[in-house]
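Now for the letters of each chain:
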Amino acid sequence: MTSSFVMVHVGQSTEAQRNLEHGIETQSWGFPESKPEYTGAQPKYAVLATGASPRVQLEDWLQGTATLYLCQVRGDFYQGTAPHWPDEEAEARVKYPLRFGIEPLAKLEGVPLGEDGPLSLEGSDAIRRSGTDRGMGKLVRMSPLGLLELAGIPADPAHPDEVPLDKSPGFTAEQVQGKRKPQRRRRGAGYISDPKKRKAIELHAEELAIAHYEAQGWSVERLGKPYDLRLTRKGAERHVEVKGTTGAPTSVELTINEVLHARDEANTVDLYVVSDIVVDTRTDPYTTSGGRVLLLEEWEPADEDLRPRKYEYRIPQTS
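A brief report on the enclosed structure follows. All figures in this text were calculated on a predicted structure; none of them were measured in a lab.

Some thoughts on the environment of Ala-41
Inspection of the secondary structure puts Ala-41 in the loop between strand 2 (28-31) and strand 3 (45-50). Sequence-wise, Ala-41 and Leu-145 are 104 residues apart; in three dimensions their C-alpha atoms are separated by 21 Å. Setting aside residues no more than four positions away along its own chain, Ala-41 makes contact with Phe-77 and Leu-139.

Below is the structure:
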């Protein structure tokens, strides 16, 4: 069984590595323009490859190795309107409008690009060709089983596109290895270091959610904790978790209390996600606009869609 892939070469420049780090952190990727082959395409996997120079002949390329960041693709390609990557924010314009969500599955280092590696010849060459075309993604079909096996991710050969998140090791932005990679403290998927921007995004998402539910006749109370919004209407009650981002709606961070609350049979919980939020940081206070809404009603997060980022370990007591 084969799966559809989008193969991407990421350069070693400081800007490219910073964008790679930010893309992994916020689980979003983008290209400078659309191409006819992207129309209607629904790739299941993305490979972001770095560490090998693409400006060589194919026979030389196949003798090399690269670091591969294996991801699932979440959602379709869409046209982004919000500056999201560091160079976009610095220039206050959208440079990579064609976007999609990526879910990090595994980082694979020193992967052979030739026949001894997990890539098909077409897949390997697609990475090389991407590197000579401004990092534009190249679409191929190939079996994902070699990559999944190398990553230690269990896979059903009959259903190779079904990868449970809780069975994949994942990777973080801190694991990006660039020669001149900027060192910044990280706080997890989707984290934004500017607290004013983070608050503006949060408030914008909540305002959209409030307007949505009020239009349906709900009375809305803003709480924040243990959940964001409390809705009441004719004796019924519903709770809402609201999440916002300037990137793609790939995944969100949840506290253990948010998970337990959503799974409690006594509660009816919605997850209201607003992505592609535009933030103008030139104003004081920051102004926000736009946003794409994804609403999951009566939401109960399943085990296979959760990946623990850390554990508390209780040390056994000895006498």
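Section: the sheet that holds strand 10 (residues 269-280)
With mixed pairing, the 5 strands of this open sheet are ordered in space as 7-8-9-10-11. The outermost strands of the open sheet, each flanked by one partner alone, are strand 7 (219-222) and strand 11 (287-296). Here the strands of the sheet are splayed against their neighbours by 30 degrees on average, with no regard to which way each runs. Alignment of strand 7 against strand 8 (residues 229-233), held across 4 bridges, turns out to be antiparallel. Each bridged residue has a counterpart across the sheet, and for Val-220 the counterpart in strand 8 is Leu-231. Against the sheet, helix 6 (residues 195-215) contacts strand 7, strand 8, strand 9 (236-244), strand 10 and strand 11, and its axis sits at roughly 130 degrees relative to strand 10.

Structural notes on the environment of Gly-244
Within the fold, Gly-244 resides in strand 9. Looking at Gly-244, the relative accessible area reads 33%, which means it is partly exposed. If we ignore the near neighbours within four places in the chain, the residues touching Gly-244 are Ile-201, Ala-205, Val-274 and Ile-277.

Regarding the sheet that holds strand 5 (residues 98-112)
Sheets are built from strands paired through backbone hydrogen bonds, the pairs being either parallel or antiparallel. The 6 strands are arranged 2-5-4-3-1-6 in an open sheet whose pairing can be described as mixed. Taken across any chain shown, the strands that pair with only one partner, and hence form the sheet edges, are strand 2 and strand 6 (138-142). Averaged over all neighbouring strand pairs, the angle between strand axes comes to 40 degrees, with direction disregarded. In terms of strand pairing, strand 2 meets strand 5 through 4 bridges, oriented antiparallel. Residue pairing for strand 5: Ser-28 is matched across the bridge by Gly-101. On top of the sheet, helix 1 (residues 14-26) reaches strand 2, strand 3, strand 4 (65-79) and strand 5; it is set at about 135 degrees to strand 2, its chief contact. Against the sheet, helix 4 (residues 121-131) contacts strand 1 (3-9), strand 3, strand 4 and strand 6, and its axis sits at roughly 35 degrees relative to strand 1.

Points about the pattern of salt bridges
Applying the stated criterion to the full structure yields 23 salt bridges. For the salt bridge of Lys-95 with Asp-87, the shortest nitrogen-to-oxygen distance reads 3.1 Å. Here Lys-95 matches Asp-87 in class, with each residue buried. Notably, a salt bridge pairs Glu-103 with Arg-307, separated by 3.6 Å at the nearest N-O pair. Here Glu-103 is found in strand 5, whereas its partner Arg-307 is found in the segment after strand 11, with 204 residues between them in sequence. The buried category is assigned to Glu-103, whose relative accessible area is 5%.

Concerning the packing of aromatic side chains
Using the criterion set out here, one finds 9 aromatic pairs in the structure. On the numbers, 5.6 Å between centres and 50 degrees between planes, the contact of Phe-31 with Phe-100 is tilted. Of this pair, Phe-31 sits in strand 2 while Phe-100 sits in strand 5, placing them 69 residues apart in sequence. Among the residues examined, Phe-31 registers a relative accessible area of 0% and is labelled buried. Phe-100 sits in the buried class, given a relative accessible area of 0%. Taking 5.2 Å as the distance between ring centres and 35 degrees as the angle between the ring planes, the aromatic pair formed by Tyr-38 and Phe-77 counts as tilted. Taken together, the residues Tyr-38 in the loop between strand 2 and strand 3 and Phe-77 in strand 4 connect sequence positions 39 residues apart. Across this residue pair, the class does not change: Tyr-38 and Phe-77 are buried. Grouped by ring-pair contacts, the aromatic residues Phe-31, Tyr-38, Phe-77 and Phe-100 constitute a single cluster.

Procedures and definitions
- Residues numbered from 1 in each chain as written.
- Predicted model: local features only at pLDDT ≥ 70, side-chain atom pairs only at ≥ 80, totals over all residues.
- Heavy atoms only, no water.
- Helix = DSSP H or I, 4+ residues; strand = E, 2+ residues; numbered from the N terminus.
- Contact = heavy atoms within 4.5 Å.
- Pairing = 2+ DSSP bridges.
- Axes fitted to C-alpha atoms, helices over the stretch in contact; angles between N-to-C directions.
- Buried < 20%, exposed > 50% of the residue type's maximum accessible area, 1.4 Å probe, protein only.
- Salt bridge = Lys/Arg side-chain N within 4 Å of Asp/Glu carboxyl O.
- Phe/Tyr/Trp six-rings, centres within 6.5 Å; stacked < 30°, edge-to-face > 60°.

Nothing here speaks to function; it is all geometry.
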